[in-house]
Amino acid sequence: MRLTGKVALVTGASQGIGRAIAERFAREGADIVVNYRSGPAMAADVVAIARGLGVRAEAIQADVSSVDAVRALVDQAVAVMGRVDVLVNNAGVETHAPFWDVAESDYDKVLDVNLKGAFFATQAVVRHLRATGRTGRIVNISSVHEELPFPNFAAYCASKGALKMLTRNLAVELGPLGITINNVAPGAIVTPINTALLNDAAKLRSLTEQIPLARLGTTDDVAGVATFLASDEAAYVTGSTYVVDGGLTWYYQEQ
Ligand code: BGC
């Protein structure tokens, strides 16, 4: 077990990649705080699974797009678990529209969850670690779109590109505190964020043809890398992005 004795807070952990990470961390011995925005029943399922694995687990509701809510989330996690050692900034949303039609409300939603939420959750955890004189781990679930354009998802790409630079900047700022920060950049993974794509057979086929490993990824494919980054094995890794995309990023085929 690679995370025994650690307390991990995973945002957006009631479904998709966040849920897989919470369950994997629990299997590796970590106590888990399962943050969710909506869907208390799904969060309760994750908590039950984690407890069944013999670790402590609690669900805490919070919408990470609000800075006050994020601070309350971290305070509550510390109050319930005694401390937080690992933060996984996983909560994320995307909206689809041509650039010229993007509404301010969609821009705000995407940037507030994907970037502001991660920024201030990290700040709250860093303040807690500094105050208690402990080291820690931050793992951001970014996207291949921190690097790759994604037409009709301009706000999403802006949020993930910013997350890449935030991670590089904080690697430098937090290194002296013994806090590492890294990104995982999933490609096309089977999760609820992709429901529209998963229900469109033609789009799905054409996407799969662009993936050298010839399949979409699973949430477990991502959870494995997040576990490594949270574990002692990754002690000397900071400021990096680990791409988990079946080779999608580097596949270019001239038509
Ligand atoms: C997006 C998905 C997309 C995938 C590959 C992810 O970051 O959330 O909608 O299918 O990247 O392009």
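Presented here is an overview of the structure given in this document.

1. Some details on the sheet that holds strand β7 (residues 241–244)
Strand order in the open sheet made by the seven strands is β3-β2-β1-β4-β5-β6-β7, with parallel pairing throughout. Each having just a single partner strand, β3 (57–61) and β7 make up the two edges of the open sheet. Strand-to-strand twist in this sheet, taken as the mean axis angle between neighbours without regard to direction, amounts to 15°. Taken together, the four bridges between strand β4 (residues 86–89) and strand β5 (residues 136–141) define a ladder with parallel strand orientation. Across the sheet, the residue bridging to Leu87 is Ile138, located in β5.

2. Describing the site of the ligand
The immediate surroundings of the ligand are formed by Glu94, Ser143, His145, Phe150, Tyr156, Gly187, Ala188, Ile193 and Asn194. Within the contact set of the ligand, an oxygen atom lies 2.5 Å away from a side-chain nitrogen or oxygen of Glu94. Between an oxygen atom of the ligand and a side-chain N or O atom of Ser143, the distance comes to 2.6 Å. Contact with the protein chains removes 90% of the 310 Å² of surface that the ligand exposes when unbound.

3. Describing the pattern of salt bridges
This model, assessed by the stated rule, comprises eleven salt bridges. Two residues, Glu233 and Arg2, come together in a salt bridge whose shortest N-O distance is 3.5 Å. Pair noted here: Glu233 is in the loop between α8 (219–230) and β7 and Arg2 is in the segment before β1 (7–10), with a separation of 231 residues, a long-range link. Relative accessible area serves as the criterion here: at 31%, Arg2 is assigned to the partly exposed category. Asp112 serves as the salt-bridge partner of Lys116, at 3.9 Å between the closest nitrogen and oxygen.

4. A word on the side chain of Thr249
Positionally, Thr249 belongs in the segment after β7. Among the residues examined, Thr249 registers a relative accessible area of 15% and is labelled buried. The contacts of Thr249, once residues within four sequence positions are left out, are Val144, Leu148 and Val243.

5. Things to note about the packing of aromatic side chains
Enumeration according to the criterion identifies three aromatic pairs in this entry. Aromatic side chains Phe119 and Phe120 sit 4.9 Å apart centroid to centroid with 50° between the ring planes, which places their arrangement in the tilted category. Measuring from ring centre to ring centre gives 4.0 Å for Phe150 and Phe153, while their planes differ by 10°; the resulting arrangement is stacked. Assessed through its relative accessible area of 28%, Phe150 is described here as partly exposed. Look at Phe153 and you get buried, because its relative accessible area is 8%.

6. Some points on a nonpolar patch on the surface
There is a patch of nonpolar side chains on the surface, built from Phe99, Trp100, Val102 and Tyr107 and spanning about 520 Å² of accessible area. By the secondary structure assignment, Trp100 is in the loop between β4 and α4 (104–132). Judged by its relative accessible area of 69%, Trp100 is exposed.

7. Some thoughts on the environment of Tyr236
In this fold, Tyr236 is placed in the loop between α8 and β7. In this structure the C-alpha to C-alpha distance between Tyr236 and Thr180, which are 56 residues apart in sequence, comes to 8.1 Å.

Each value, and the rule that gives it
Residues numbered from 1 in each chain as written. Predicted model: local features only at pLDDT ≥ 70, side-chain atom pairs only at ≥ 80, totals over all residues. Heavy atoms only, no water. Pairing = 2+ DSSP bridges. Helix = DSSP H or I, 4+ residues; strand = E, 2+ residues; numbered from the N terminus. Axes fitted to C-alpha atoms, helices over the stretch in contact; angles between N-to-C directions. Near = heavy atom within 4 Å. Polar contact = N/O pair within 3.5 Å; in protein donor to acceptor, adjacent residues only side chain to side chain. Areas by Shrake-Rupley, 256 points an atom, 1.4 Å probe, with all protein chains shown as cover. Salt bridge = Lys/Arg side-chain N within 4 Å of Asp/Glu carboxyl O. Buried < 20%, exposed > 50% of the residue type's maximum accessible area, 1.4 Å probe, protein only. Contact = heavy atoms within 4.5 Å. Phe/Tyr/Trp six-rings, centres within 6.5 Å; stacked < 30°, edge-to-face > 60°. Patch = residues over 30% accessible without salt bridge, like charges linked within 9 Å, V, L, I, M, F, W, Y side chains within 5 Å.

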